[in-house]
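Geometric and topological summary
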Amino acid sequence: LHSTSRRQRQMCIRDRLNINSQEFIHPGLLHSESSLKRIRELVRNEIQPAYGSFNIMRGMPEGKADYCIKGPFETISRAGRYGYTKDPCERDFNAAYYNAILWIVTGKEPHADKAMEIIRAYASTLKKIEGPDDPLCAGLQGFMLVNAAEIMRYTYTADKHTNGWDAKDTPKVENMFRNVFQPILTTFYNTKPYTNGNWGIAVTKAQMAFGVFLNDKKLYEDAIEFFLKGHDNGTLPNYVAESGQIQESGRDQQHAMLGLGCLSEIAEIAWTQGRDLYGALDNRLMKGYEYLAKSNLGYEVPFFIWKDITGKYSNWTTLGEEGMGRFRSLFEIAYNHYVERKGLEMPYTQIVLGMIRPEGPGFTCDNPGFGSLLFYLGKDLNMETYYSVTYPIKAQSVKFITAIILKDSPASKNIPQVTRLKGDDLQGVRIAKGDKITDVYLNTRADGHIMHRNSCTNVNGWDTDAYLLAFSYKKGTDPAVSKNILEWFIGYGSYVRNANESIFDSYTKKYKVIR
């Protein structure tokens, strides 16, 4: 009887463990084994823009195998008495992730050893995450470190490499994530909503990642439940409206970008594990990206006063100006899913990527960045054919504009006609196709800085201080009359006007698109 009772107890314990465990794919966070292989092949074949993103990563201090670790620290924080740890800790965690990726891409063990050094140092030392903003610290910084650990745990093992991940590493690293990072996230979930949405999203992406790393089904499923149905600003339905407007769109643009980037990282982990969160709520995340891209490009978008969950952030009446047009490196991840995987269209996100490719680092630990390397699924941009207009005089330094027009095929006869434009303190090109003309001017008195002074010039009858000015109009109409202009683009300018009318006026220089 005694022996039978012991076996029954053992079975009960085993059954309880099975409830909280799940057969996860490993590596299985932002990167699966197949996606890591794809990244390696992109670099090996120098496929653009992935290869350009790779070159940026390996050129960064945190991407060096001889990176000098700044910690480890027993306590980390974003502010307050331990706020001094924020920057060095973020650099360390980014270095662990970059070196993990570079180990995969290059096969060079010094990169792997550097990633392992950082992971082991913090697993042996870190004891506490302190506020204020401790959910962000645990969520954002923890996410970078756990992605590095997931890669190293399954690709650099002690049975094949002298300094590889061994049996002693697993309990130490798991203990750090479960007992130092995760309690902060659990406390946030159990607290009445009190923050803007990016907090809850950051918490969710980290808990989801920890769930996979720890093979903990409950952590993973709770994170997905929160993503879809949680009572917080940081859920998909409460952060992105049907129109695409974002809960923080009226606050500023950098937080809106942070939030959307984290949502896409949640969706990418789920995709790696065989679940489609990208498609949730009729591709709601895609709508958020298109709204964000369109509004930050200067186009008109619908805007309503958001009634948030807390009631504290419901007084923004217009789009937040701060950060407008300063695009972070987080657009490739969503674009490559919706466009390359699913065959959908994201025209405004495509424009943004045309401006920022290849993507470089994320902002601090907010998002991983380097999407052109990590998530690119498109064709090799090296294979495209271009026409260009180049400056005709050899010079050491010159401000000029080069117009680049993608050619559909060698036999195409529908190529725009491009001619050079000249003026006082101006260089430009005229692109004519059918009955539509687009003039693009670069103001050689300006240098592109927002506060640059003494850059006033006249472009086709319009006074402006803009660094870059472009406008389209129908052939045969006068571009000096605003009603004839089909579309404007103003790059780093504060006004466009003449004696009769004003198109644009601002106290500070901005990017602006006016249709």
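The structure presented is a predicted model; accordingly, all values stated were derived computationally and were not measured.

Take the overall build of the chain next. The helix and strand tally for the chain stands at 15 helices and 12 strands. With the model as given, the accessible surface of the chain reaches about 23700 Å², and the carbon-plus-sulfur share is 50%.

Turning our eyes to something else, we now look at empty space enclosed by the protein. Inspection of every chain in the model, using the stated rule, returns four cavities of 30 Å³ or more. Of the pockets and cavities examined, the largest cavity occupies roughly 60 Å³. As for the largest cavity, its lining consists of Gly 261, Ser 264, Glu 265, Ser 329, Leu 330, Ile 333, Glu 359, Pro 368, Gly 369, Gly 371 and Phe 375. The leading source of residues in the lining of the largest cavity is helix H11 (residues 253–272), at three residues. Among the residues forming the lining of the largest cavity, the class breakdown is four nonpolar, five polar and two charged.

Bringing the packing of aromatic side chains into the picture now. For any pair of aromatic rings, the description consists of the separation of the ring centres together with the inter-plane angle of the planes. For the coordinates displayed, the defined rule picks out 26 aromatic pairs. Ring centres of Phe 177 and Phe 210 lie 5.1 Å apart, and the angle between their planes is 25°; this geometry places the pair in the stacked category. Taken together, the positions of Phe 177 in helix H7 (residues 169–189) and Phe 210 in helix H8 (residues 197–213) put the pair 33 residues apart, joining distant regions of the chain. On the basis of relative accessibility, which here comes to 0%, the residue Phe 210 falls in the buried class. Between Phe 471 and Tyr 473 the ring centres are 6.1 Å apart and the planes differ by 35°, which places this aromatic pair in the tilted class. The buried category is assigned to Phe 471, whose relative accessible area is 0%. Here the aromatic residues Trp 165, Phe 177, Phe 181, Phe 210 and Phe 213 are joined through ring pairs into a cluster of three or more. Looking at Arg 153, its charged tip hangs above the ring of Phe 213, at a distance of 4.8 Å from the centre. Stacked on the ring of Tyr 495, the Lys or Arg Arg 497 has its end atom at 4.0 Å from the ring centre.

When pLDDT is averaged across the chain, the result is 88; 87% of the residues are at 70 or more. Of the regions scoring below 50 in pLDDT, residues 1–19 engages in one contact with residues more than four places distant in sequence or in other chains. Per-residue pLDDT stays below 50 along residues 386–403; that stretch engages in 40 contacts with residues further than four places along the chain or on separate chains.

Of note, Ser 264 is situated in helix H11. Excluding its chain neighbours within four sequence positions, the residues that come into contact with Ser 264 are Tyr 278, Leu 285, Tyr 289 and Ile 333.

With respect to the helices, strands and loops of the structure, Arg 328 is situated in the loop between helix H12 (280–296) and helix H13 (332–341). Of the polar contacts made by the side chain of Arg 328, one reaches the side chain of Asp 366; its length is 2.9 Å.

About the criteria used
- Residues numbered from 1 in each chain as written.
- Predicted model: local features only at pLDDT ≥ 70, side-chain atom pairs only at ≥ 80, totals over all residues.
- Heavy atoms only, no water.
- Helix = DSSP H or I, 4+ residues; strand = E, 2+ residues; numbered from the N terminus.
- Areas by Shrake-Rupley, 256 points an atom, 1.4 Å probe, with all protein chains shown as cover.
- 1 Å grid on protein atoms, 1.4 Å probe; cavity = no way out; pocket = protein on both sides within 12 Å on 5 of 7 lines; lining within 4 Å.
- Points joined across faces, edges and corners; volume = space filled by probe spheres on them.
- Nonpolar A, V, L, I, M, F, W, Y, C, P; charged D, E, K, R; others polar.
- Phe/Tyr/Trp six-rings, centres within 6.5 Å; stacked < 30°, edge-to-face > 60°.
- Buried < 20%, exposed > 50% of the residue type's maximum accessible area, 1.4 Å probe, protein only.
- Lys NZ or Arg CZ within 6 Å of the ring centre and 35° of its normal.
- pLDDT = per-residue confidence, 0-100.
- Contact = heavy atoms within 4.5 Å.
- Polar contact = N/O pair within 3.5 Å; in protein donor to acceptor, adjacent residues only side chain to side chain.

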